[in-house]
Amino acid sequence: MTTSAELMERAVQVIPGGVNSPVRAYRSVGLTPRFIERADGPYVWDVEGNRYLDYIGSWGPMILGHNNPAVREAVVKACERGMSFGAATELEVEIAEFICSTVPHIEMIRMVNSGTEAVMSALRLARGFTGRDKIVKFAGNYHGHSDCMLVAAGSGVMTAGVPDSAGVPAGCAQDTLTATYNNLDSVRALFDENPGQIAAVIVEPVAANMGVVLPAPGFLEGLRALCDEQGALLVFDEVICGFRLAYGGAAERFGITPDLVTYGKIIGGGMPVGAFGGHHDIMERMAPVGPVYQAGTLSGNPIAMTAGFVQLKELHGHPEIYDRLNQAGERLFGGIAHLLEQYEAPCTINHVGSIGSTFFTPDPVTDYASAKTSDTEAFARYFRFMLDRGFALAPSQFEAMFISAMHDDAAIDETLDAIETFLKM
Ligand code: KE4
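Along each chain, numbering runs from 1 in the same order as the chain's sequence is written. Note on the predicted model: pLDDT of at least 70 is required for a residue's local features to be given, and 80 or more for side-chain atom pairs to be given and counted; whole-chain, interface and lining totals, by contrast, use all residues. Excluding hydrogens and water, the side-chain figures rest on all heavy atoms present in the structure.

Please clarify how the side chain of Asp54 should be interpreted in this entry.
Position of Asp54 among the secondary structure elements: in strand 3 (residues 51-54). We call a residue buried when its accessible area falls under 20% of the maximum for its residue type, exposed when it is over 50%, and partly exposed in between, using a 1.4 Å probe and counting protein chains only. None of His or the chain ends enter the tally, which takes Lys and Arg as positive and Asp and Glu as negative. Each salt bridge in this description consists of a side-chain nitrogen of Lys or Arg and a carboxyl oxygen of Asp or Glu lying within 4 Å of one another. In this structure Asp54 is buried but unpaired, with Arg244 as the nearest side chain of opposite charge at 9.4 Å. Side-chain polar atoms of Asp54 contact the side chain of His66, separated by 2.6 Å. Residues in contact with Asp54, not counting those within four places in the same chain, are Pro42, Tyr43, Val44, His66, Ala392, Phe402 and His407. The helix count covers DSSP runs of H or I at least four residues long, the strand count covers runs of E at least two residues long, and both are numbered beginning at the N terminus. Polar contact is the term for a pair of N or O atoms within 3.5 Å; when the atoms are in protein, one must be able to donate a hydrogen and the other to accept it, and sequence-neighboring residues count only if both atoms are side-chain atoms. Any two residues whose heavy atoms approach within 4.5 Å at even a single point are treated as in contact.

Now the structure itself:
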């Protein structure tokens, strides 16, 4: 049997940092990453046979739990018909029709291969549609790693403490304007300073990449009104929230209609899928119909579409899954909030539905600056304590906990018991 340490020793020789995505390297929590061998339901097992209750869920996609039988069996069957054709298929029509008929604000949709690609494409579309160049984003929001989005970004860049990446030319970043999350005045100021130049405001309607930060009452409504007033598009980056906070995502949960939405994670059922969609008259500007170019060899891949379609049909066909996810979230995150209060821990917790984050700072976390006051060393101790006891949290203070439909009350109560033990130390 090989060990994670042995695998990491080999991995760093041939893969930068030993991983294909930085946050998996466990650098901010000071551990050798666990190499995962298999997963089932709410659990993952590492190569040494250790079982963990999984609160990463592949960073969101595994909302039904790992190894869902319906998804797995459909994918196996699809593989027997061929892996990839590079041609139009009936399945792509069916999944697009399904999404357009079940998500009110999606009249047309284009499949891509990641959330990054979805955001990159949606912003190019917004620029092409409005004829404007500038984009407003929010400090601490993460929208994937396309050049113009690696400005004051969250997730792995925030974890590494370098919110702006090397290698991004000033020419790319100069049209990205950064506002403060939950601060409408900071957005209005950018519109005042850049009249008629802002193509879009892109926002995580619930931020989950500086840890989970909820929109303050009126924030999303204010963005909608500002964009309408200024002729800019409102882009909801629902790569995490989409099909999780409700079937219609944060747009449904908060009752706000964006102009464009980006998806990833859940829409792929565990396979590499991203998508962007919205109003017909905007989407029609995309090649080959319109002048905004975007393409992808494996976009709409039949195996990936199969996994995503089955997962979406399961979610849409069983709305009780969202009741369960909300109950489980209330049980876990409400339980953590109670424990933090009971033990007077210098921590705060933000949560909505089946995502949440415990911040190691006593003050409310409402934006990037307040999230950054967190004691990341204290978080690392918490992470290591939980991992040792068989609970796999995201290895960063600035990520979310993800609950799946397979996390039952017993598993959640075991999690709360472990957290209480940690707080008692
Ligand atoms: P991908 O390119 O990683 O599929 O999606 C980028 C993306 C876009 N928008 C939002 C709101 C996102 O959360 C993400 C990716 N999320 C991170 C987790 N915070 C992916 C994990 C990783 O980078 O390994």
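Still to come is the rest of the account.
Looking at this structure, how should I read empty space enclosed by the protein?
Over the atoms a probe the size of a water molecule is rolled, and this reveals where empty space is left. The definitions used throughout rest on a 1 Å grid laid over the protein atoms alone, on which a cavity is an enclosed set of points accommodating a 1.4 Å probe that cannot get out and a pocket is an open set flanked by protein within 12 Å on both sides along at least five of seven lines; lining residues are those having an atom within 4 Å of a point. Grid points are joined across faces, edges and corners, and a volume is the space filled by probe spheres set on the points. All told, the structure shown has three cavities of 30 Å³ or more when counted by the stated rule. Estimates place the volume of the largest cavity at around 80 Å³. Contributions of two or more residues to the lining of the largest cavity are made by strand 12 (355-359) and helix 14 (376-388). What the second largest cavity holds in volume is close to 60 Å³. Only Asp, Glu, Lys and Arg are considered charged in this grouping, and only Ala, Val, Leu, Ile, Met, Phe, Trp, Tyr, Cys and Pro are considered nonpolar; every other residue, Gly among them, is considered polar. Classifying every residue of the lining of the second largest cavity by side-chain character gives five nonpolar, six polar and two charged.

Hey, could you run me through the pairing of strand 8 (residues 233-237) in this one?
In regular strands, side chains alternate between the two faces of the sheet. For strand 8, a buried count of five out of five residues is recorded, marking the element as mostly surrounded by other parts of the structure. Residues Leu233, Val235 and Asp237 point to one face of strand 8 and Leu234 and Phe236 to the other, with burial holding for every one of them. We call a crossover right-handed when, viewed with both strands directed away from the observer, the connection leading from the first strand over the helix to the second proceeds clockwise. The parallel pair strand 7 (residues 198-203) and strand 8 is bridged by helix 8 (residues 219-230), and the resulting crossover is right-handed. Chirality of the crossover, the property in question, places the unit of strand 8, helix 9 (residues 249-254) and strand 9 (residues 260-263) among those that are right-handed.

Would you mind showing me how to read the side chain of Asp259 here?
Assignment of secondary structure puts Asp259 in the loop between helix 9 and strand 9. For Asp259, a relative accessible area of 9% gives the class buried. Here the side chain of Asp259 touches Arg224 through a polar contact of 2.8 Å, side chain to side chain. Residues within four places of Asp259 in sequence aside, it is in contact with Arg224, Ala232, Leu233, Leu234, Gly277, Gly278, His279 and Ile282.

Teacher, can you tell me more about the sheet that holds strand 12 here?
As a general point, the strands of a sheet are linked pairwise by backbone hydrogen bonds and lie either parallel or antiparallel. Any two strands with at least two DSSP-identified bridges between them are counted as paired. Spatially, 11-12-14 is the arrangement adopted by the three strands of the open sheet, whose pairing is antiparallel. Either end of the sheet is taken by a strand with one partner, and the two such strands are strand 11 (348-352) and strand 14 (401-402). Examined bridge by bridge, strand 11 and strand 12 share five bridges and lie antiparallel to one another. Across the sheet, residue Thr348 finds its bridge partner in strand 12, namely Phe359. Convention adopted: a line fitted to C-alpha atoms gives each axis, helices being fitted over their contacting stretch, and angles between N-to-C directions are expressed from 0 to 180 degrees. Lying over the sheet, helix 12 (residues 320-342) contacts strand 11, strand 12 and strand 14, oriented at roughly 165° with respect to strand 11.

Sorry if this is basic, but what is going on with the packing of aromatic side chains here?
Describing an aromatic ring pair means giving the distance of the ring centres and the angle of the ring planes. Each Phe, Tyr or Trp ring (for Trp, its six-membered ring) is paired with any other whose centre lies within 6.5 Å, and the angle between the two planes then decides the class: stacked below 30 degrees, edge-to-face above 60, tilted in between. All told, the structure shown has 14 aromatic pairs when counted by the stated rule. Following the ring pairs from residue to residue traces out a cluster consisting of Phe360, Phe379, Tyr382, Phe385 and Phe422. Lysine NZ or arginine CZ positioned within 6 Å of the ring centre and within 35 degrees of the ring normal marks a charge as sitting over the ring. Just above the ring of Phe385 sits the side chain of Arg389; from NZ or CZ to the centre is 3.6 Å.

Could you clarify how one ought to interpret the domain arrangement of the protein in this entry?
Interfaces are often sized by the amount of accessible area the parts lose when they come together. As assigned here, the protein comprises domain 1 (4-67 + 319-424) and domain 2 (69-317). The centre of domain 1, based on its C-alpha atoms, is set 24 Å off from the matching centre of domain 2. Each partner contributes to the interface: domain 1 provides 34 residues, whereas domain 2 provides 37 residues. What counts as buried area is the accessible surface, traced by a 1.4 Å probe, that two parts surrender upon association, with contributions from both included. When the two sides are added together, the surface that domain 1 and domain 2 hide from each other amounts to roughly 3000 Å², 62% of it contributed by carbon and sulfur. Linking domain 1 with domain 2 are 14 residue pairs in polar contact (both at pLDDT 80 or more), by the criterion used here. The set of elements that each furnish at least two residues to the side of domain 1 that touches domain 2 consists of helix 12, strand 11, strand 12 and helix 13 (368-371). Of the residues belonging to the side of domain 1 that touches domain 2, the class tally is 18 nonpolar, 13 polar and three charged. A domain assignment, automatic or from a database, supplies the domain bounds used here.

Help me out: how do you make sense of helix 2 (residues 69-80) in this one?
Note on helix geometry: an α-helix contains 3.6 residues per turn, so any two residues three or four positions apart are oriented the same way. Take the number of residues in a helix, subtract one, and multiply by 1.5 Å to get its expected span. A rise of 1.5 Å per residue sets the reference length of helix 2, with its twelve residues, at 16 Å; its end C-alpha atoms lie 17 Å apart and thus fit the reference within 8%. Within the span of helix 2, buried status applies to Val71, Ala74, Val75 and Ala78. Projected down its long axis, helix 2 carries its buried residues within an arc of 100°, all on one side. The outward face of helix 2, more than 90 degrees from its buried face, is lined by the exposed residues Lys77 and Glu80. At its buried positions, helix 2 is contacted by helix 11 (302-317). For helix 2, the side-chain oxygen to backbone nitrogen distance between the N-cap and Ala70 is 3.0 Å, and the N-cap itself is Asn68. Downstream of helix 2 by one or two residues, Gly82 has phi in the positive range, about 120°. Each direction from the helix axis to a C-beta atom contributes to the arc, which is the arc of those directions.

What should I look at first to understand the environment of Pro16 in this one?
Examined against the element boundaries, Pro16 turns out to sit in the loop between helix 1 (4-14) and strand 1 (36-40). With 333 residues separating them in the primary sequence, Pro16 and Ile349 have C-alpha atoms 33 Å apart.

What is the right way to read the nonpolar core from this model?
The nonpolar side chains of soluble globular proteins are, as a tendency, buried together. If you look at the biggest cluster of nonpolar residues, it comprises 38 residues, and the most contacted ones within it are Tyr55, Leu332, Ile336, Tyr382 and Met386. Every element with two or more residues in this core is listed here: strand 2 (43-46), strand 3, helix 12, helix 14, strand 13 (391-392) and helix 15 (409-424). Top contributing element to this core by residue count: helix 14, with eight residues. In this view, Met386 contacts Phe391, Leu393, Thr415, Ala418 and Ile419; residues no more than four positions away in its chain are not counted. Definition of nonpolar core: a set of buried residues of the types Ala, Val, Leu, Ile, Met, Phe, Trp, Tyr and Cys, connected through side-chain atoms within 4.5 Å. By size, the runner-up hydrophobic cluster in this structure holds 33 residues, among which are Val187, Leu223, Leu226 and Phe359.

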